[in-house]
Every structure is written in structure tokens, then in C-alpha cells.
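# Structure at a glance
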Amino acid sequence: YGTKKSRTIRDLKAPQWSQYLMSSAQFHATVHCILISDTLSVQIAALTVVQLSAFGMTMRRKGFISQKEGVFLYALVLLA
């Protein structure tokens, strides 16, 4: 059930610039939480983005959503 292919942002079938944007946004949110922010609401917001992106990748791997829908969901979560 599902696929055994790689599940990282690096292996998405998306333009290189969008992969860079998605990777850097998640990296910067994580670094901001660890090193800079002492506000709990900012940390929870960043955690929500990371968890929703993981959920979207799981949905894609299980075959519930397409590749295109997964990329759209991830971009929507990052922009929200």
C-alpha cells in the first residue's frame, strides 16, 4: 500500500526554486524556535507547520493525495 519512494522535499517533482523555498522556510522556522524565539505562540506555529507538512507527505505516500496536491498543501501551510 502506498509507495516506497523517497519522501523528502529534495525528491519532489517540483521546480528547483520551490524546493529551495520550502526547505529554507522549514529550516529557518526550526532555527528560529530553537535559538531566537522565547514566545510560545511562535514556537507552536512553527511546530504546526512542520507537523502538517509531515502529515501531507504521509497522505501522499499512502496514495490519498496526488503529488501536485501535496506540494500545494505544503506551500499553503508555509504561507499561512
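Residues numbered from 1 in each chain as written. Predicted model: local features only at pLDDT ≥ 70, side-chain atom pairs only at ≥ 80, totals over all residues. Heavy atoms only, no water.

## A short note on the confidence of the model for the protein
- Model confidence for the protein is summarised by a mean pLDDT of 78, while 84% of its residues fall at 70 or above.
- Summarising per-element confidence for the protein, the mean pLDDT is lowest in helix H1 (residues 16–36) (80) and highest in helix H2 (residues 40–61) (82). (pLDDT = per-residue confidence, 0-100. Helix = DSSP H or I, 4+ residues; strand = E, 2+ residues; numbered from the N terminus.)

## Some details on H1
- Taking 1.5 Å per residue as the helical rise, H1 with its 21 residues ought to reach 30 Å, and the 28 Å between its terminal C-alpha atoms agrees with that figure.
- Listed as buried for H1 are Ser 18, Gln 19, Met 22, Ser 24, Gln 26 and Cys 33.
- If you follow the buried residues of H1, they end up packed against H2 and helix H3 (67–79). (Expected span 1.5 Å × (residues − 1). Buried < 20%, exposed > 50% of the residue type's maximum accessible area, 1.4 Å probe, protein only. Contact = heavy atoms within 4.5 Å.)

## Some words on H2
- Between its first and last C-alpha, H2 extends 31 Å over 22 residues, near the 32 Å set by a 1.5 Å rise per residue.
- Here H2 has its buried residues at Ala 46, Val 49, Ser 53, Gly 56, Met 57 and Arg 60. Buried residues along H2 cover an arc of 100° about the axis, so they all sit on one side. Opposite the packed face of H2, turned more than 90 degrees from it, sit the exposed residues Leu 40, Ser 41 and Leu 47.
- Each element contacted by the buried residues of H2 is listed here: H1 and H3.
- Residue Gly 63 follows H2 closely and has a positive phi angle near 90°. (Arc of directions from axis to C-beta.)

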